[in-house]
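Reading the structure
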Amino acid sequence: MRQSKNPRTVGSSNPVRHRFVTLYFAIAICGAADIAHGQNSRNELPIPTSPQDELTAIQRIFKPAPPPPLVLFPKLREDMRDLPAFVRDSKFDLHVRSYYRDEITSAPDGVAVKEAWAAGGALSFETGRLFDAISGGAVLYTSLPLYAPLQDDGTQLLLPGQLGYAVLGQLYGQVHLSDKLRFTAGRYLYDTPFLGPNDTRMTPNTFYGYTLIGSHGDEQSDGPTFRYGAGYIATIKLRNSDVFQSMSRAAGADVDNGVGIVAGLMNWGPMSLGAIEYYSQDTLNIAYAEGKYGMRLPFDISAILALQFADQRSTGANLTNGGRYFSTNQFGARLALGGQTGILTLGYSSVAPGYRMQNPWSANPFYTDAMIQSFQRAGEQAIVAGASYVFTPLGIEGIAASVFYYHGWSDAAAGPPTVESEWDFDLEWRPSFKPLSGLWLRARYGTSVVSQGGKITTLDDVRLILNYRISLY
């Protein structure tokens with residue numbers, strides 16, 4: 001990471017000119033690479049077309065499989081139709097990712113720059129079912145430097161020192177006890193509110209453990225359906241790492257403990273209620289609950305009201321806080337109004353004054369989580385207002401854009417008075433025509449200002465991300 005006491009210069013070159021030259025170069029390469037998806041869903045998932053499409057944090061645990069990507073060799077699948085299901089129903093997918101990130105922080109003591117451009121992605125294989133009950137899979141992740149000045153380290157696209165890496169992030173087996181009950185063991189990717197992929201760099205968080213996930217009820221009926229899950233997660237591979245470590249060490253405790261989890265979600269028409277519990281001995285206990293209700297308003301307007309609450313506290317020997325017990329909580333609310341393919345979002349969150357919120361195993365799942373700031377300081381309140389639009393009704397297929405504004409504040413009871421504000425802009429293209437049906441190209445820009453104890457820090461973050469998912473057969 002390069003630093004300068006003079007906020008107008010970085011090194012010996014003009015930082016603004018250098019930023020834009022590199023930015024335009026990256027855009028050009030991304031646009032030509034057609035052959036080549038943050039716990040906030042706005043950071044990790046495409047812009048939704050309606051409020052109903054934006055899943056809550058617990059709903060994402062049980063989300064349906066994504067649509068199949070472009071198939072390169074469909075005839076190979078036909079040639080395998082007479083083979084056993086273990087081979088016939090196997091999948092071999094390639095996810096190409098290119099990611100450029102440029103971050104400039106201007107503080108009273110100087111300017112810091114982080115910059116890198118990486119390429120890589122994931123190669124995944126999944127078997128069909130053996131005896132209609134047993135299957136397995138593996139995913140190899142990689143991130144390699146394309147442009148990575150050593151003095152600008154810190155983007156988290158690569159290992160420290162701007163080094164590339166490869167890691168077998170998933171290696172799992174599954175027992176399908178029934179069509180609605182599945183046991184998974186091994187390295188796997190889980191998407192839960194406080195234990196999830198945090199997939200906003202080159203590779204996601206993945207985990208080693210054992211889980212049982214099931215459902216009850218007919219999803220096609222008007223009656224209630226119940227989904228549930230439980231398990232034990234022993235280790236985590238963080239998003240910019242090639243090694244697994246214990247869940248407790250990832251949370252800052254000098255001990256090797258895992259996390260026990262139990263979760264449930266009820267859907268009944270326009271309403272959903274969910275809760276999940278995480279417990280790690282001598283480390284951290286997190287209880288999270290959420291509710292969501294949808295309705296139709298006049299003028300063909302759809303509305304979704306969602307509420308969320310999390311309680312966090314240290315456990316046992318309190319090793320995440322030097323042996324001292326702590327507890328805190330956060331409340332959040334969000335109202336989303338949708339018409340055609342446009343969405344207006346309003347949100348609010350509040351953190352208890354005693355202690356900041358912790359997110360050691362995922363990103364922040366609260367509605368006020370932004371591209372740069374998490375707005376989870378002790379005693380912090382925050383609001384968000386934003387709008388998004390998918391341009392399909394205007395005859396522009398695949399283009400979507402969004403803009404969000406965040407504002408947070410905390411008083412002196414939680415330390416120096418702090419005021420934070422941030423603007424986030426998103427532009428994406430997801431064509432539906434072949435051979436680009438698996439392409440997702442994003443341009444993101446965030447700018448934040450933090451005033452703390454009379455000192456002002458500004459941060460500008462540019463991200464260009466190319467994803468291209470294809471299936472080999």
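The structure this text deals with has already been given above.
Here's a quick rundown of the structure.

1. Some points on the pairing of strand S16 (residues 342-351)
Relative to S16, strand S15 (residues 327-339) runs antiparallel, the two sharing 10 bridges. Residue Leu 337 lies in a different strand from S16, and its bridge partner there is Leu 344. Here S15 folds back onto S16 in antiparallel fashion, the turn holding two residues, of which Gln 340 has a positive phi close to 55 degrees.

2. What about the packing of aromatic side chains?
What the rule picks out here adds up to 16 aromatic pairs. Ring geometry for Tyr 188 and Tyr 190: centres 5.1 Å apart, planes at 65 degrees, overall edge-to-face. A centroid spacing of 6.0 Å and a plane angle of 70 degrees characterise the contact between Phe 194 and Tyr 288, whose relative ring orientation is edge-to-face. Of this pair, Phe 194 sits in the loop between strand S7 (181-188) and strand S8 (206-216) while Tyr 288 sits in strand S13 (residues 284-297), and the two are 94 residues apart along the sequence. Chaining the aromatic ring pairs together yields one cluster made of Tyr 172, Tyr 188, Tyr 190 and Phe 207.

3. Observations concerning the environment of Leu 427
The residue Leu 427 is located in strand S19 (residues 418-429) in this model. The spacing of Leu 427 and Asn 257 is 170 residues in sequence and 41 Å in space, taken between C-alpha atoms. Beyond its immediate sequence surroundings of up to four residues, Leu 427 is in contact with Ile 399, Ala 400, Ala 401, Leu 441, Arg 442 and Ala 443.

4. Some words on the pattern of salt bridges
Following the criterion strictly, the structure yields 19 salt bridges and no others. The partner of Asp 89 in a salt bridge is Arg 88, with the nearest N and O atoms 3.2 Å apart. Among the ionic contacts, a cluster of salt bridges with common partners joins Arg 101, Glu 103, Lys 114, Asp 461 and Arg 463.

5. As for the nonpolar core
Here is a general trend for soluble globular proteins: nonpolar side chains tend to be buried in one another's company. Among the nonpolar cores identified, the biggest contains 31 residues, and Phe 194, Leu 195, Phe 207, Met 247, Ile 276, Tyr 278 and Trp 361 are the most heavily contacted of them. Of all the elements in the fold, those that place two or more residues in this core are S8, strand S9 (225-237), strand S11 (259-268), strand S12 (271-280) and S13. For this core, the element with the most residues is S11, which contributes four residues. If we ignore the near neighbours within four places in the chain, the residues touching Ile 276 are Ile 58, Ile 61, Thr 192, Pro 193, Ile 261, Val 262, Ala 263, Ile 286, Ala 287 and Tyr 288.

Reading the values: rules and limits
Residues numbered from 1 in each chain as written. Predicted model: local features only at pLDDT ≥ 70, side-chain atom pairs only at ≥ 80, totals over all residues. Heavy atoms only, no water. Pairing = 2+ DSSP bridges. Helix = DSSP H or I, 4+ residues; strand = E, 2+ residues; numbered from the N terminus. Phe/Tyr/Trp six-rings, centres within 6.5 Å; stacked < 30°, edge-to-face > 60°. Contact = heavy atoms within 4.5 Å. Salt bridge = Lys/Arg side-chain N within 4 Å of Asp/Glu carboxyl O. Core = buried A, V, L, I, M, F, W, Y, C linked by side-chain atoms within 4.5 Å. Buried < 20%, exposed > 50% of the residue type's maximum accessible area, 1.4 Å probe, protein only.

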